[in-house]
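Examining the three-dimensional arrangement
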Amino acid sequence: MAKKKATVFVCQNCGYELPKYLGKCPSCNAWNQMVEEKLPDKTDSRSRVTMSGKKAKAVPITSITIENEERVKTQMVEFNRVLGGGVVPGSLVLIGGDPGIGKSTLLLQVSAQLNQQGGKVLYVSGEESTSQIKMRAERLELRGSDFYIYTETEVSAIAETIETLKPDYVIIDSIQTMHHVNIDSASGSVSQVRESTSTFMQIAKMNGIAIFIVGHVTKEGSIAGPKMLEHMVDTVLYFEGEQHHTFRILRAVKNRFGSTNEIGIFEMRNGGLEEVLNPSQLFLEERLAGATGSAVVAAMEGTRPILVEIQSLIAPTVFGNAKRTASGLDHSRVSLILAVLEKRTGLLLQNQDAYLKAAGGVRLDEPAIDLAIAISIASSYKEKETRPTDCFIGEIGLTGEIRSISKIEQRVKEAAKLGFKRVIIPKNNIDDGWDRPKNIEIIGCTTLSEAIKRAFS
Ligand SMILES: Nc1ncnc2c1ncn2[C@@H]1O[C@H](COP(=O)(O)OP(=O)(O)OP(=O)(O)O)[C@@H](O)[C@H]1O
Ligand SMILES: [Mg+2]
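The structure displayed is predicted, hence computed values, not measured ones.

We now examine the sheet that holds strand β10 (residues 247–255). In spatial order, the strands read β6-β5-β7-β8-β4-β9-β10-β11-β12; together these nine strands make up an open sheet with mixed pairing. Looking at strand neighbours, the two that pair on one side only are β6 (147–151) and β12 (272–275), the edges of this open sheet. This sheet shows a mean twist of 25° between the axes of neighbouring strands, independent of strand direction. Sheet analysis places strand β9 (residues 235–241) next to β10, joined by seven bridges and oriented antiparallel. Within β10, the residue paired with Gly241 across the bridge is Arg248. Most of the contacts of helix α2 (residues 103–116) go to strand β5 (residues 121–125), to which it runs at about 160°, and overall it touches β4 (92–97), β5, β6, β7 (169–173), β8 (210–216), β9, β10, β11 (263–269) and β12. On top of the sheet, helix α5 (residues 190–207) reaches β4, β7 and β8; it is set at about 160° to β8, its chief contact.

Around ligand 1, 14 residues are found, and the nearest of them are Gly100, Ser104, Thr105, Arg136 and Asn270. Within the backbone of Ile101, one N or O atom sits 3.3 Å away from an oxygen atom of ligand 1. Contact between ligand 1 and Gly102: an oxygen atom at 3.0 Å from a main-chain N or O atom of the residue. Put simply, the parts of the chain that give the shell around ligand 1 at least two residues each are α2, α3 (130–139) and β11.

The next thing to look at is the domain arrangement of the protein. In terms of domains, the protein is made up of domain 1 (7–38), domain 2 (72–277) and domain 3 (282–455). Here the C-alpha centroids of domain 1 and domain 2 sit 28 Å apart. Taken together, the nine residues of domain 1 in the interface contact 10 residues of domain 2. For the pair domain 1 and domain 2, the two sides together bury roughly 660 Å², of which 43% comes from carbon and sulfur. Among the residues domain 1 hides against domain 2, the three largest losses belong to Gln12, Glu37 and Lys38. Together they make up 59% of the total.

The next thing to look at is a nonpolar patch on the surface. On the surface, a cluster of nonpolar side chains totalling about 320 Å² of accessible area is made up of Val59, Ile61 and Ile64. Along the chain, the position of Ile64 falls in the loop between β3 (34–38) and α1 (77–83).

On to α2, then. For the α-helix, the turn length of 3.6 residues means that residues three or four positions removed from each other point alike. Counted at 1.5 Å a residue, the expected span for α2 with its 14 residues is 20 Å, and the 20 Å between its end C-alpha atoms agrees. Of all 14 residues in α2, 13 are buried, a share of seventy percent or more. In the segment just after α2, Gly118 is the residue with positive phi, at about 100°.

Attention now goes to the pattern of salt bridges. Taken as a whole and judged by the stated rule, the model has 18 salt bridges. The partner of Asp234 in a salt bridge is Arg256, with the nearest N and O atoms 2.7 Å apart. On the criterion of sequence distance, the pair formed by Asp234 in the loop between α6 (228–232) and β9 and Arg256 in the loop between β10 and β11 is long-range, its members being 22 residues apart. Judged by relative accessible area, which is 2%, Asp234 ranks as buried. A residue is classified by how much of its surface remains accessible, and Arg256, at 47% relative accessible area, is partly exposed.

Turning next to the confidence of the model for the protein. A residue-level look at the protein finds 93% of positions with pLDDT of 70 or above and a mean pLDDT of 87. Note that residues 43–51 has pLDDT below 50 and, in this model, 14 contacts with residues that lie over four places away or in other chains.

This next bit is on the nonpolar core. Counting residues in each nonpolar core, the largest one holds 46 residues, and the members touching the most others are Leu329, Leu341, Leu364 and Ile377. If one sorts the elements of this core by residue count, helix α9 (residues 370–382) sits on top with seven residues. In terms of domain composition, this core takes at least three residues from each of domain 2 (72–277) and domain 3 (282–455). Those residues in contact with Ile377 that lie beyond four places of it in its chain are Ser312, Ile314, Ile337, Leu338, Leu341, Leu349 and Leu356. By size, the runner-up hydrophobic cluster in this structure holds 33 residues, among which are Leu107, Leu108, Ile133 and Phe239.

Our next topic: α9. With 13 residues, α9 should reach 18 Å at 1.5 Å per residue; the first-to-last C-alpha distance of 18 Å fits that figure. For α9, the buried fraction is high: 11 of the 13 residues fall into the buried class. Restricting attention to buried positions, one finds in α9 the residues Asp370, Leu371, Ala372, Ile373, Ala374, Ile375, Ser376, Ile377, Ala378, Ser379 and Ser380. Of the residues flanking the end of α9, it is Glu383, one or two places downstream, whose phi is positive at about 60°.

Thresholds, definitions, all that
Residues numbered from 1 in each chain as written. Chains lettered and ligands numbered in written order. Predicted model: local features only at pLDDT ≥ 70, side-chain atom pairs only at ≥ 80, totals over all residues. Heavy atoms only, no water. Pairing = 2+ DSSP bridges. Helix = DSSP H or I, 4+ residues; strand = E, 2+ residues; numbered from the N terminus. Axes fitted to C-alpha atoms, helices over the stretch in contact; angles between N-to-C directions. Contact = heavy atoms within 4.5 Å. Near = heavy atom within 4 Å. Polar contact = N/O pair within 3.5 Å; in protein donor to acceptor, adjacent residues only side chain to side chain. Domains from an automatic or database assignment. Buried area = accessible area lost by both parts, 1.4 Å probe. Patch = residues over 30% accessible without salt bridge, like charges linked within 9 Å, V, L, I, M, F, W, Y side chains within 5 Å. Areas by Shrake-Rupley, 256 points an atom, 1.4 Å probe, with all protein chains shown as cover. Salt bridge = Lys/Arg side-chain N within 4 Å of Asp/Glu carboxyl O. Expected span 1.5 Å × (residues − 1). Buried < 20%, exposed > 50% of the residue type's maximum accessible area, 1.4 Å probe, protein only. pLDDT = per-residue confidence, 0-100. Core = buried A, V, L, I, M, F, W, Y, C linked by side-chain atoms within 4.5 Å.

Take a look at the structure:
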């Protein structure tokens, strides 16, 4: 009797597998995502091979010597920081981002720099022709001798090339265009992405090659393919940006070799991506002097403080319910602060529409921005401007108290560095035993009403 072809239905959204077709995925509830795929060959010899290419043995932890895991630093300080201090040999890094955000540009620039440091780079593209890549490289004024461009989508052909060329770094642009001969389904399907990634992972770990993989994102903004893809790799980076702004943010969401709180800020220019080493300046650049509804906060993005202007527009509701919108800020945080302002400081906000935004298109989400939000709302409501050289830091509690926040020293120093003259902070933070900069006046407040009084006096 002929053996039945083993197939399985795989949800293209989350990777859930079922023996039969269903309209709705029982795992992630997505509709029409089930696609029939052939099961990979179970007798595949690769499944028995371990990271070192041999069968592994259990060893006592004391006898393990740490291999030389020196990181290679690129000239992009921002990029190094997001990776946790540089590129780790043998690591697998996944970079996701919206179409056209600049993933290929970033990796081409990084490749050229790694090449300049003496590394051999293989740039595999499944999306563009060699001449297109060359054109981009010309525009970015990149040169290099041991820098190879390879347009191929078949994984085993790429593996062979890696074996013969022996590069130190490999770029795969993008994983959704790759296909593996063992798998029957279309490129970009869950099984293809999974199989290709696991092949690249083995190559990376066996040979100590750092591999960067570009991943497309779905319309919800997560990397297309199963969540498992993110589990397989060492580091997951997202490259984000606002459509209408030139700056781009590189964010680590998973990193086996460093903190995930770091972000790197770049600006897309004609000549490629340029690092923004002083982001506070960028976010405050277009601040209008003497405008009401504006307050500046020193927010932390990872280990680094950035100053951001928070803007509010409070206007009487014309009819119906008051409208509240917030861009770059958490909606429920804004509602909470509006309620505290109303109840604890007597501002009549219930019949007012409130529009808030974090200027410059950044997204802020930490408690220390509360006070600046409240002050900007109060400023717009009272039609009184805040001093342009004031900075506000603090969390607001439901009883209208100002609660202490973390990393006060770094925040105040950043404000002082950018020429702010006064900073209003939680009173409890004053005696934290930190080194206070001399050229900035520090005011501690315990309640929101007190802070408002100081801000507008
Ligand atoms: N001549 C140019 N001058 C300035 N910026 C340019 C120029 N050409 C391209 N760009 C910028 O580069 C971006 C495209 O970058 P890139 O191709 O690296 O993106 P990508 O993320 O790899 O896109 P895809 O998902 O399509 O592969 C464009 O959106 C544009 O902003
Ligand atoms: Mg690209």
